[in-house]
Amino acid sequence: MAGRINDDDVKAVRDAVPIDSVVSEYLQLRNAGGGNLKGLCPFHDEKSPSFQVSPSKGLFHCFGCQEGGDTIAFVMKIDHLSFSETVERLAAKAGITLRYEEGGYNPGHQRGERIRLIEAHKAAAEYYAGQLASPEAEIGRRFLSERGFDQAAAEHFGVGYSPAGWDHLTRFLRGKGFSDKELVVSGLSQEGRRGPIDRFRGRLMWPIRDVGGEIVGFGARRLREDDTGPKYLNTPETPIYKKSQVLYGIDLAKKEIAKSSRAVVVEGYTDVMACHLAGVTTAIATCGTAFGGEHIKILRRLLMDNGSARVIFTFDGDAAGQKAALRAFEDDQKFAAETYIAIAPDGMDPCELRLAKGDDAVVDLVEPRTPLFEFALRQIVNRYDLDTPAGQAAALNEAAPVVAKLKDLSVRQRVAVKLAGLLGIMEDQFVVRRVSQIAQWQRGKGDAPGPARRQRTYDDVPAPTAPAGPALNLRSPAHRTERELLKLALQRPELVSPFFDAYGVDEFTAPPYAAVRQCIHDAGGADGAPADYVDAVLEAASNDTVRTLVRELVVEAILTPRGKGPDEVYASEQLVTVRLRAVDRRIDQLNAALKRLGHTNPDQVTAAQQELYVLQQYQVALRSHGAAAL
């Protein structure tokens, strides 16, 4: 039975690995103010960044899909790992040796499946790389040399060679402690008549890494004429390898893609190598599948959809390349980036171009050439005889529905005008109207109720029940100050101490905010908050929904005047406003009570009048002296 990881070691791992460094391996983060960072959420599709990270608190939260947590929770969610697998991975990154309770620790049995498969691929990559120097691999070295790649290039990209025998790798990995089941599940081996045999034999090998840099699969190139398999053979779908979710070279290109807001999509492994060696270090490629929606999500998180982001496709100029370009155009609207296509002279790919004309030619190739939409439309209209009205009409009938799919009205109209020019139709508004009609028809045909918005529930909230009426809007002006005060109490407790701890739960009119106020109280209050203060508040939350709101308030930027950080003056304003509103509410309640009581109960009337007098004096003091009256 797997041993439980020591709690102190879990805390050490959590503290040792900064959350922003881990998240930055998967998406681009930018300054969000208040010491926080923001980016496009990796857990749902969005156009503007609602995902925030608080490095000082070690937490993340998405204001769109409500996912949140610490570094461990992020890695568990994004890489589909168990808790122990995640801690083990982060511990290895931080150089921390973990201790296990409830028995001894046997790495072969206690490590989770994903980590074991990753380790098998890492060992396989090292084995293949070593085999590239063997006499048998001379054919592979010659293949690389003929394409302009020397030993240093092979080492940089981890290129290796799989021996032609039946089970060389299988026996090697068995010697490393991997079971036959693990080898078959990993896709490195496959079942033979007498047990597992190597999947890749006598081929040149490229390791395929995920965004985090872990090797999850291989691409294998045929070298010999007697090899009857496909030209390129990739790892099959496994628990760690999904071809629609990996991009070759992304581990090497991601930093430059984020920095330059530019990505170059090529077609193969050697094209990626050629581009990087020529200085185009934003090049990536798909792995045996068409460029699709999942690939776009990976790039969008790195590009972060700023106005200058560009994606350049370098498909071959042949029929297959043109078809690939049309498929890419269908997904074009999933980008906020501008998309282009670049085709080299004579239809050469980047690898061939580098060999023929050198590095500068590759750099020149990927300078934006033709907008992708224009190229895609040209591929359609060029199939028709545009010198005849019938040919123009047929081309319009095929191209207009493609243009109609563009969601942005201004873009759609601009492209429709361009289509009119390509068709030679003088009355471009005729084409614009035709495209608009098709777009309306497409929307009507696809109309269907969307998924119901997820409702948030707050159980056991120790606050007055909200009156019946419209759903609670936590972003309303009436609740904004309460939200700001709670953010200050969680993010900068020293600015609102010691006054905040004297505020009652009933001073927060929104039940969710009252629940958070109760959590802070149960965690020991904001005054003299210790380093693990936020963890204590999260622990005190009555349910996951309240816990989600706490994380949300921890990472959300404090709404101070532009250019200024939160200070004592701003904190005082929020303290006074929340208290003043509470006093105003109580005064209104007392006036209503006095009117209701009349002269029926003199003792109650006197007590209410006395409380009213004290509160009215306090009200005047707060308005006159601010925080000094607290």
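Treat the numbers as computed from the prediction; the structure is a model and nothing was measured.

A. Examining the overall build of the protein chain more closely. When helices and strands are counted, the protein chain shows 27 helices and 18 strands. Counting over 630 residues, the protein chain shows a buried share of 49%. Accessible area of the protein chain: about 30400 Å², with a carbon and sulfur share of 50%.

B. Geometry of the sheet that holds strand β17 (residues 338-341). Spatially, five strands are ordered β15-β14-β16-β17-β18 in an open sheet, and the strand pairing comes out mixed. Looking at which strands have only one partner, the edges of the open sheet turn out to be β15 (283-285) and β18 (370-371). Where β17 and β18 come together, two bridges link them in antiparallel fashion. Pairing of Tyr 340 across the sheet is with Pro 371, part of β18. With respect to the sheet, helix α12 (residues 269-278) is in contact with β14 (262-266) and β15, its orientation differing from that of β15 by roughly 175 degrees.

C. Representation of the sheet that holds strand β4 (residues 51-54) in the model. One open sheet accounts for five strands, arranged β2-β3-β4-β5-β6; its pairing is antiparallel. If you trace the sheet from one side to the other, it starts and ends with β2 (30-33) and β6 (68-70), each paired once. Pairs of neighbouring strands in the sheet enclose a mean axial angle of 25 degrees, with direction left out of account. Summarising the sheet, strand β5 (residues 59-62) and β6 pair through three bridges and their orientation is antiparallel. Across the sheet, Phe 60 pairs through a bridge with Gly 69, a residue of β6.

D. Quick look at helix α13 (residues 293-303). Most of α13 is tucked away: eight of the 11 residues are buried. Turning to α13, its buried residues number three or more, namely His 295, Ile 296, Ile 298, Leu 299, Arg 300, Arg 301, Leu 302 and Leu 303. The elements touched by buried residues of α13 are β2, α11 (250-260), β14, β15 and β16 (310-313). Count one or two residues on from α13 and you reach Met 304, which has phi positive near 55 degrees.

E. Structural context of the pattern of salt bridges. For the structure on display, the rule yields 32 salt bridges. Of the charged contacts, one joins Arg 483 and Glu 552 as a salt bridge, the two residues approaching to 2.7 Å between their closest N and O atoms. In this pair, Arg 483 is assigned in helix α21 (residues 477-491) and Glu 552 in helix α25 (residues 544-555), connecting sequence segments 69 residues apart. Across the pair, exposure class does not vary: Arg 483 and Glu 552 are buried alike. Residues Arg 492 and Glu 494 are paired through a salt bridge, measuring 2.5 Å at the closest nitrogen-oxygen approach. Look at the salt bridges and you will find they share partners, linking Arg 483, Glu 484, Lys 487, Glu 552 and Glu 556 into a network.

F. Examining the environment of Ala 92 more closely. As for its position among the elements, Ala 92 is in helix α4 (residues 83-94). Given the relative accessible area of 61%, Ala 92 is considered exposed.

G. View of the nonpolar core. Grouped together as the largest cluster of nonpolar side chains are 50 residues, with contacts concentrated most on Phe 51, Phe 74, Ile 250, Leu 299 and Phe 313. Looking at this core, the element that brings in the most residues is α13, giving five residues. The residues contacting Phe 74, other than those within four sequence positions of it, are Val 22, Val 23, Tyr 26, Leu 27, Pro 42, Phe 43, Phe 51 and Phe 60. Membership of the second largest hydrophobic core comes to 45 residues, among which are Ile 139, Phe 149, Met 273 and Met 348.

H. Representation of the packing of aromatic side chains in the model. By the definition in use, this model includes 17 aromatic pairs. Here the aromatic rings of Phe 43 and Phe 60 are separated by 6.2 Å at their centres, their planes lie at 45 degrees, and the arrangement is tilted. Taken as a pair, Phe 43 in the loop between β3 (36-39) and β4 and Phe 60 in strand β5 lie far apart in primary sequence, 17 residues in all. Each member of the aromatic cluster is reached from another via a ring pair, and the members are Tyr 26, Phe 43, Phe 51, Phe 60 and Phe 74. The ring of Phe 143 carries Arg 147 above its face, with NZ or CZ at 3.6 Å from the centroid. Directly above the aromatic system of Tyr 503 lies the positively charged group of Arg 579, at a separation of 4.0 Å from the ring centroid.

I. Representation of the packing of helix α23 (residues 511-522) against helix α24 (residues 533-540) within the structure. Look at α23 against α24: their axes get within 8 Å of each other, and the N-to-C directions meet at 120 degrees. Relative to α24, the element α23 lies oblique. The way α23 lies across α24 gives a crossing that is right-handed. Counted together, Cys 519, Ile 520 and Asp 522 of α23 and Tyr 533, Val 537 and Ala 540 of α24 form the full contact between these two elements. Class assignment for the residues of the contact of α23 with α24 results in five nonpolar, no polar and one charged.

J. Inspection of the confidence of the model for the protein chain at higher detail. Residues of the protein chain with pLDDT of at least 70 account for 87%, and the chain-wide mean is 84. Within the protein chain, no element has a lower average pLDDT than helix α5 (residues 107-110), which sits at 42, and none a higher one than strand β8 (residues 160-162), at 98. Contacts from residues 104-110, a stretch scored under 50 in pLDDT, to residues over four places away or in other chains number 12 contacts. Long-range and interchain partners of residues 446-471, a stretch whose pLDDT sits below 50, account for 28 contacts in this model, where long-range means more than four residues apart.

K. The arrangement of the packing of helix α3 (residues 71-79) against α4 in detail. At a minimum axis separation of 9 Å, α3 and α4 run at an interaxial angle of 110 degrees. Here α3 is positioned roughly perpendicular relative to α4, judged by the angle of their axes. When the axes of α3 and α4 are compared, the crossing they make is right-handed. Across the interface between the two elements, Thr 71, Ile 72, Val 75, Met 76 and Asp 79 of α3 pack against Phe 83, Thr 86, Val 87, Arg 89 and Leu 90 of α4.

Conventions and cut-offs
- Residues numbered from 1 in each chain as written.
- Predicted model: local features only at pLDDT ≥ 70, side-chain atom pairs only at ≥ 80, totals over all residues.
- Heavy atoms only, no water.
- Helix = DSSP H or I, 4+ residues; strand = E, 2+ residues; numbered from the N terminus.
- Buried < 20%, exposed > 50% of the residue type's maximum accessible area, 1.4 Å probe, protein only.
- Areas by Shrake-Rupley, 256 points an atom, 1.4 Å probe, with all protein chains shown as cover.
- Pairing = 2+ DSSP bridges.
- Contact = heavy atoms within 4.5 Å.
- Axes fitted to C-alpha atoms, helices over the stretch in contact; angles between N-to-C directions.
- Salt bridge = Lys/Arg side-chain N within 4 Å of Asp/Glu carboxyl O.
- Core = buried A, V, L, I, M, F, W, Y, C linked by side-chain atoms within 4.5 Å.
- Phe/Tyr/Trp six-rings, centres within 6.5 Å; stacked < 30°, edge-to-face > 60°.
- Lys NZ or Arg CZ within 6 Å of the ring centre and 35° of its normal.
- Parallel < 35°, antiparallel > 145°, perpendicular 65-115°, else oblique.
- Left-handed = near helix turned anticlockwise from the far one by under 90°.
- Nonpolar A, V, L, I, M, F, W, Y, C, P; charged D, E, K, R; others polar.
- pLDDT = per-residue confidence, 0-100.

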